[in-house]
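# Per-entry structural report
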Amino acid sequence: MLLQILLQAAEQSGAGLAVMGAGIGAGLAAIGAGMGIGRIGGSAMEGIARQPEAAGRIQTAMLIIAALIEAVALFAAVICLLISFKL
């Protein structure tokens, strides 16, 4: 059922597949960023639990890495928006 709807949307215009691909790309970027930040948070908590005296250094590194992941996800979302608006 969902595949039929997607195929009908793609047939209506030649740009349908590009827009659909841009949407899928933005979704994958968001999912990847969420998984990455979740993994960082879990690993940081585990590291702090093992070495409480290193909590400050671990937290600083965690925040820097989380910011880099968010920047890559934002870049991917912007690229997907540019693709979808170009058509």
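Residues numbered from 1 in each chain as written. Predicted model: local features only at pLDDT ≥ 70, side-chain atom pairs only at ≥ 80, totals over all residues. Heavy atoms only, no water.

## Quick look at the overall build of the protein chain
A tally of helices and strands in the protein chain yields 3 helices and 0 strands. Reading the protein chain from its N end, one meets helices and strands in the order α-α-α. Classification of the 87 residues of the protein chain by burial places 15% in the buried group. Taking as baseline every contact in the protein chain between residues at least 6 positions apart, the subset at least 24 positions apart corresponds to 67%. Looking at the protein chain as shown, the accessible area adds up to about 6500 Å², and 72% of this sits on carbon and sulfur atoms. (Helix = DSSP H or I, 4+ residues; strand = E, 2+ residues; numbered from the N terminus. Buried < 20%, exposed > 50% of the residue type's maximum accessible area, 1.4 Å probe, protein only. Contact = heavy atoms within 4.5 Å. Areas by Shrake-Rupley, 256 points an atom, 1.4 Å probe, with all protein chains shown as cover.)

## Description of the pattern of salt bridges
Scanning the entire structure with this criterion turns up 1 salt bridge. Notably, a salt bridge pairs arginine 50 with glutamate 46, separated by 3.1 Å at the nearest N-O pair. Of this pair, arginine 50 and glutamate 46 are both found in helix 2 (residues 16–50), 4 residues apart, which corresponds to roughly one turn of the helix. Residue arginine 50 is classed as exposed on the basis of its relative accessible area of 66%. (Salt bridge = Lys/Arg side-chain N within 4 Å of Asp/Glu carboxyl O.)

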